[in-house]
Each structure stands twice: as structure tokens, then as C-alpha cells.
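What the coordinates show
Next come the chains, spelled out residue by residue.
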Amino acid sequence: MPELNMVEAINLALHQEMEKDKNVVVLGEDVGKEGGVFRVTVGLQQKFGEKRVIDTPLAESAIVGTSIGMAVYGLKPVAEIHFDGFVHPAFDQLISHAARIRTRSRGRYTCPLVVRFPYGGGIRALEHHSDSFEALYVHIPGLKVVIPSTPYDAKGLLISAIRDPDPVIFMEPKRIYRAIRQEVPVEEYTIPLGKAEIRRQGSDITIICYGAMVREAEKTAEALQSKRISCEIIDLRTLFPLDTPAIISSVKKTGRAVVVHEAPRTAGLGAEIYALIMERALLSLQAPVERVTGFDTIMPLYTLENEYLPNPTKIQAAVEKVMKFS
């Protein structure tokens, strides 16, 4: 079984789905000849041709709008946007059309569209290149939102997203594009959307996270072993639909929780998770829930990224605060 990084795993998923289904097409800026800004689509145009791997103009609204038309017609477009911060010109298409096709047509039409793009900080990128605005997409009824944290999950989740009859926002944490290698089966497989994964079993406290923050949580859990604190780590994988039962079951078991994400704090997904825990597991809690997040500011440039992003030191401080509560 080969060891792949996330870029290679996503590329393999695209290859296999395009081989399996002639209706799967890939489009976006530089996805063909150049193989994408992070080389995720390298080799696809050479194998499947320019009619199925389409280099588009630099026009995000047009990319997504065209993809919606393709999807309603019966194709399965996978649209790549260079970075999270460049999706905003296409918001009208996503909110007004992609997310509403099924409801607007009373189920007569669906929109099997995947919009995938790198997101998040940690690589010293320019402005508009390090945003973490997943909560915006979660708030739009009709969209599914997926964020993998490992190469294995990236392949299985992307295949599920391509096969889904409704639009899926597939956000790829670029900080870990090439940071992790993992055994990934060559054979096709799927991971169901809406299903979280317990990355680490624990008994004292639950850490709820996703994307690049899963690695930070795992480092924290390792460090806390010496202090005899047992952390359970929940990797959400799909942010909408959210696997609420997995969250609540774990929190009821441990009685404590910390939520981690690099997005801004106010109205971030952590606030929704906090509310769910209050509604469904309040009487099981032994301490208030803590959040470890980014700040309510634009992502700072260069070295200040380290101050902005959650890290094991910040997560450990939150865990110890919850554990000491009395």
C-alpha cells in the first residue's frame, strides 16, 4: 500500500472518479496544463483531455456559475478555486443558485457540484491566501462542508463528495498538504459525509477539532500524557452536516470539552458546538467548555501567524484550565 501525502491522495481520487464516471469534469484556473497552484490536478489533462480538464479564465464567479449549469445538466463538475479568499466573488452563485437548486425545483433537479480549494494559515502566504471562513459556508442551507485532516480521509471524503447529489464545499488545509504521509489504498473507497472520527480514545476530556488543528490536538494529547490527563480527540471531518451524536456521546463520557479551530472566534463553528453541548449534555459537564481559536482580526502576515494560530501550548493551557475547574 503506497504512502501518500494529501496532494497525492486527492489527485488519486480525481483520477479514479474520472476513470469510473465520464460525467466527472475538472475545471479551474491552471488546473490543466500547470496541474493546479499546488499541483493537485497534475496529470489529469494529459490523461483525460482538455474537454474534461478545463483551464478557465481568472473569474471565480464564472467558474462556479458554469459548474452549476454543468451539474444541473447532468455532469459532475469539480471546480478548483486557487485559495479560500478568492471564493468570495462566487458567493452569489453558491448562495443564490447552487444551494437552492433542489428546493427551487422541488427536487426535480439537483446540483452535484464539488468546489474544492486550499484554506487556512501556517505557510506565510499573502493576504487573502490564509483565511479560514468555513463558518460562512456552514451557515448556507443546501451546502455540505467537508474538511479532511489526513491523506486517507482526503481521498475517501472527496470520492463521497463527487458522488453526492448536492453541492459540497471541500476545503483542504494547505498547511498539511505535504506535511503528512500515510498509507492510502490504491483501491477506491468512500468515507460517508456527516460522520466524525475518534482520532484518540480518552477518558478525562474531549478535544473537538478538524483540519490542520487535529495534528495540534494530537501533539497536545501526547504532551498531557505525562500529566496523566487522558484526551479524547474528535475529528469532525464534515462540518455540515455535523455529527452531533459523536460530539455529545464523547462529552457525556468525559464530562469536559475544548473546541479548537483556527477561524476567528466570534460566530465560529466552536460557538455552535458550544451551544449544542449546552443543549444536550449540560448535566454531564464537570466544567465550562473552553474554545481555542483564531482572533477576530484579519490573518496577520509572516511571523505573527504563530501568534494567531492555535498551537499545543494554547490548547494545553485550555485543557488544564478545564481540568482544574472546581
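Up top you'll find the structure we're talking about.
1. A closer look at the side chain of Glu216
- Structurally, Glu216 can be placed in helix α8 (residues 213-224).
- Its relative accessible area of 5% is what places Glu216 among the buried residues.
- Setting aside anything within four residues of it in sequence, one finds Glu216 in contact with Arg175, Pro310, Asn311, Pro312 and Ile315.

2. A word on empty space enclosed by the protein
- Evaluation of the coordinates by the stated rule reveals 3 cavities of 30 Å³ or more.
- Estimated volume of the largest cavity: approximately 50 Å³.
- Forming the boundary of the largest cavity are Ala125, Leu126, Glu127, His128, His129, Ser130, Asp131, Ile298, Met299, Pro300, Leu301 and Glu305.
- Residue composition of the lining of the largest cavity, grouped by class: 6 nonpolar, 3 polar and 3 charged.

3. Here we look at unusual backbone geometry
- Look at the link from Phe240 to Pro241: it is a cis peptide, with omega at 0 degrees.
- Positionally, Pro241 belongs in the loop between β12 (238-240) and α9 (244-254).
- Positive phi values are uncommon outside glycine, yet His128 reaches one of about 75 degrees.
- Along the chain, the position of His128 falls in the loop between β5 (114-119) and α6 (134-138).
- Residue His128 is classed as partly exposed on the basis of its relative accessible area of 41%.
- You will see that Tyr302, though not glycine, has its phi angle at about 55 degrees, which is positive.

4. Quick notes on a nonpolar patch on the surface
- A contiguous nonpolar patch, built from Leu126, Leu301 and Tyr302 and spanning about 300 Å² of accessible area, is present on the exposed surface.
- Along the chain, the position of Leu126 falls in the loop between β5 and α6.

5. Observations concerning a negative patch on the surface
- Together, Asp30, Glu34, Glu50 and Asp55 make up a region of like negative charge exposed at the surface.
- Note on placement: Glu50 falls in the loop between α2 (44-48) and β3 (53-55).
- Overall, Glu50 belongs to the exposed group, its relative accessible area being 62%.

6. Some thoughts on the packing of α9 against helix α10 (residues 269-281)
- Running from N to C, α9 and α10 point in directions that differ by 65 degrees, and their axes come no closer than 10 Å. α10 is crossed by α9, and the crossing has right-handed handedness. For the pair α9 and α10, the contacting residues are Thr244, Ile247, Ile248, Val251 and Lys252 in the first and Ile273, Leu276, Ile277, Arg280 and Ala281 in the second.
- Taken together, the residues of the contact of α9 with α10 sort by class into 7 nonpolar, 1 polar and 2 charged.

7. Comments concerning the sheet that holds strand β11 (residues 231-235)
- With respect to topology, 5 strands assemble into an open sheet ordered β9-β11-β10-β13-β14, the strand pairing being mixed. One side of each edge strand has no neighbouring strand; the edge strands of this open sheet are β9 (197-200) and β14 (290-292). Going from strand to strand, the sheet's axes swing by 25 degrees on average, the running direction of each strand aside.
- Of the strand pairs in this sheet, strand β10 (residues 205-209) and strand β13 (residues 257-260) are connected by 3 bridges, and their pairing is parallel. The residue bridging Thr206 from the neighbouring strand is Ala257, located in β13.

8. Side note on the layout of surface pockets
- Size it by volume and the largest pocket reaches roughly 390 Å³.
- Forming the walls of the largest pocket are 17 residues, and the residues nearest its centre are Ala135, Val138, Ala267, Gly268 and Leu269.
- Sorting the residues of the lining of the largest pocket by element identifies α6, β12 and α10 as the ones contributing at least two each.
- No other element matches the 4 residues that α6 contributes to the lining of the largest pocket.
- Grouping the constituent residues of the lining of the largest pocket by class yields 11 nonpolar, 4 polar and 2 charged.

What counts as what
Residues numbered from 1 in each chain as written. Predicted model: local features only at pLDDT ≥ 70, side-chain atom pairs only at ≥ 80, totals over all residues. Heavy atoms only, no water. Helix = DSSP H or I, 4+ residues; strand = E, 2+ residues; numbered from the N terminus. Buried < 20%, exposed > 50% of the residue type's maximum accessible area, 1.4 Å probe, protein only. Contact = heavy atoms within 4.5 Å. 1 Å grid on protein atoms, 1.4 Å probe; cavity = no way out; pocket = protein on both sides within 12 Å on 5 of 7 lines; lining within 4 Å. Points joined across faces, edges and corners; volume = space filled by probe spheres on them. Nonpolar A, V, L, I, M, F, W, Y, C, P; charged D, E, K, R; others polar. Patch = residues over 30% accessible without salt bridge, like charges linked within 9 Å, V, L, I, M, F, W, Y side chains within 5 Å. Areas by Shrake-Rupley, 256 points an atom, 1.4 Å probe, with all protein chains shown as cover. Salt bridge = Lys/Arg side-chain N within 4 Å of Asp/Glu carboxyl O. Lys, Arg positive; Asp, Glu negative; His and termini not counted. Charge placed at Lys NZ, Arg CZ, Asp CG, Glu CD. Axes fitted to C-alpha atoms, helices over the stretch in contact; angles between N-to-C directions. Left-handed = near helix turned anticlockwise from the far one by under 90°. Pairing = 2+ DSSP bridges.

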